[in-house]
Amino acid sequence: MFRWGVLSTAKIAREHVLWQLQDADNGVVTAIASREQPRAAALAARFGVPHAFGSYQALLDSDAVDGVYIPLPTSDHVAWAVRAAEAGKHVLVEKPLALSAADIAPVRAAAERAGVLVAEAFMIVHHPQWHKVRELVGGGAIGRLRQVQGAFAYYNRDPDDMRNRPELGGGALPDIGVYPVLATRFATGREPLRVRAGLVRDAAFGTDVEAEVTADFGAFRLSFYVATQLAARQAMVFHGTDGFVEVETPFNAGIYGDDRVVLHDRGHATATAFRFADVRQYRLQAEAFARRARGEDVPVVSLDQSLANQRVIDAIYRAAAHDGWEPV
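This one's a predicted model, so the numbers in the text were calculated from it and none came from an experiment.

(A) The arrangement of the packing of helix α1 (residues 11–23) against helix α2 (residues 37–47) in detail. For the pair α1 and α2, interaxial distance at closest approach is 11 Å and the crossing angle is 55°. Between α1 and α2, the angle is such that the two are oblique. Pair α1 / α2 crosses with right-handed handedness. Every residue of α2 that contacts α1 at Arg 14, Leu 18, Trp 19 and Gln 22 is listed here: Arg 39, Leu 43, Arg 46 and Phe 47. A breakdown of the residues in the contact of α1 with α2 according to their chemical character gives four nonpolar, one polar and three charged.

Structure below.
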C-alpha cells in the first residue's frame, strides 16, 4: 500500500481529499502534519491516522510516509514540493503548483535529483466525464470544433481566506482560472497561441476577483470568465459545426450538480446524456498517482503539463495589462 502523508489540515484536505485518500484501493494515510500539533492530532484521530506531527518537516523526515499531498497556500507550494522531493517523498501538490512558470524549474530539478514523482493535483483529468468529452470532441461527434465557452464562479469576501490574500497567492486566476484552461487543453490536445484578457481587482484585497479571457488555439477559440465575488456557477461547452457538448458540472462534479455530459446535434433536435454516478475524482487521482509512483505507466498531470498551463496563466496576466493579444 502507498503510504500518504498530508501536509496541512487545510479545508480541502479535511472535507474533500483526505477521506478519499483513505478510501483508495492502493493507499492509506499514515501521517498528518500541521504547524500546530493539536490540530494535526485532532484530524488524525478523526480519520484514524496513526501519526500526527507538529511540523511539516517532521512528517517529511518520517519513514512511515512514501509520498505527500500538499494543500498548503499557493505561495508555499514550490518550497514544500522541493523540500518533500529532497526528503525522497513523492509529491502530489494542489493546483496551481506555482505562481509563475519560472518557479516550476526548481521543482523539476529537485524531482529529477531525487528520482521521485511530482504531479499537480488537477483531479478533473481523472474523472470519466472528461475522458468522454475528449472522446466526443476528438472523435468528430460535434464536427469541427470552433468555440469553447467556460465559466467558474463563487462568492467569497472573507478577508482571512487565502484566496483573498495576494501574499498567499490569492486571486481568481490562480484559484479557478487554471481549470478552464487545463480542461480545454486536456479535451482537445491543443495549446493556445495567444490570449487577451481583462481583470477586475478588489480595491481592499488587491486580488483579481474577475477575469474575462479569450484564448486563440488556432482552429478554435476558448472564451471564459472566472470570478470570486459572483453567484456560484460552473459550465463548459464545446461547440462544433455538427453539434455541441455541455459539461454540466465540469470542475466540482457532484457538488455543483450532477456528473453529466450532454451531446446535442446540429439542429438542437436530439440530445444524448452521459451520466457518471458516484464518481470520486479525488480517489481516482490518488490511485493513479500511487500507481505511477510505483512505476506503472499511468497518466498524471506531468510537470510539462503544469508548465504549459502556467504559461497560459502568466500570459493572461500580461495581456490584462494592455489592450490586445499577448503570445503564450
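(B) A look at helix α9 (residues 303–320). If you check α9, its first and last C-alpha atoms are 26 Å apart, about what 18 residues at 1.5 Å a residue would give, namely 26 Å. Within α9 the residues assigned to the buried category are Leu 303, Ser 306, Leu 307, Ala 308, Asn 309, Gln 310, Val 312, Ile 313, Asp 314, Ala 315, Ile 316 and Ala 319.

(C) View of the environment of Arg 134. Along the chain, the position of Arg 134 falls in helix α6 (residues 128–138). Taking C-alpha positions, Arg 134 is 6.4 Å from Thr 188, a pair spaced 54 residues apart along the chain. Beyond its immediate stretch of four places on either side in the chain, Arg 134 contacts Gly 139, Phe 186 and Ala 187.

(D) Up close: the packing of aromatic side chains. Under the definition given, this model contains 10 aromatic pairs. Ring plane angle 75° and centroid distance 6.0 Å describe the contact between Trp 130 and Phe 238, whose orientation is recorded as edge-to-face. Taken as a pair, Trp 130 in helix α6 and Phe 238 in strand β11 (residues 229–240) lie far apart in primary sequence, 108 residues in all. Pair check on accessibility: Trp 130 and Phe 238 agree, each one buried.

(E) Spatial organisation of the pattern of salt bridges. Enumeration according to the criterion identifies 21 salt bridges in this entry. For Asp 304, the salt bridge is made with Arg 108, and the minimal N-O distance between the two is 2.9 Å. Taken together, the positions of Asp 304 in helix α9 and Arg 108 in helix α5 (residues 104–114) put the pair 196 residues apart, joining distant regions of the chain. One salt bridge in this structure joins Arg 283 and Glu 287, with 2.7 Å as the shortest N-O distance. In this pair, Arg 283 and Glu 287 both sit in helix α8 (residues 281–293), four residues apart, roughly one turn of the helix. What makes Glu 287 buried here is its relative accessible area of 11%.

(F) Molecular detail of the nonpolar core. The biggest cluster of nonpolar side chains holds 73 residues, and the ones touching the most others in it are Trp 4, Ile 32, Ile 124, Trp 130, Val 133, Phe 238 and Ile 316. Per element, the largest residue contribution to this core is 10 residues, and it comes from helix α7 (residues 172–188). Setting aside residues no more than four positions away along its own chain, Ile 124 makes contact with Trp 130, Tyr 179, Leu 182, Ala 183, Pro 250, Phe 251 and Gln 281. Ranked by size, the runner-up nonpolar core spans 30 residues in total, among them Leu 72, Val 93, Ile 104 and Ala 111.

Definitions and limits used
- Residues numbered from 1 in each chain as written.
- Predicted model: local features only at pLDDT ≥ 70, side-chain atom pairs only at ≥ 80, totals over all residues.
- Heavy atoms only, no water.
- Axes fitted to C-alpha atoms, helices over the stretch in contact; angles between N-to-C directions.
- Helix = DSSP H or I, 4+ residues; strand = E, 2+ residues; numbered from the N terminus.
- Parallel < 35°, antiparallel > 145°, perpendicular 65-115°, else oblique.
- Left-handed = near helix turned anticlockwise from the far one by under 90°.
- Contact = heavy atoms within 4.5 Å.
- Nonpolar A, V, L, I, M, F, W, Y, C, P; charged D, E, K, R; others polar.
- Expected span 1.5 Å × (residues − 1).
- Buried < 20%, exposed > 50% of the residue type's maximum accessible area, 1.4 Å probe, protein only.
- Phe/Tyr/Trp six-rings, centres within 6.5 Å; stacked < 30°, edge-to-face > 60°.
- Salt bridge = Lys/Arg side-chain N within 4 Å of Asp/Glu carboxyl O.
- Core = buried A, V, L, I, M, F, W, Y, C linked by side-chain atoms within 4.5 Å.

All quantities given are derived from atomic positions and should not be read as evidence of function.
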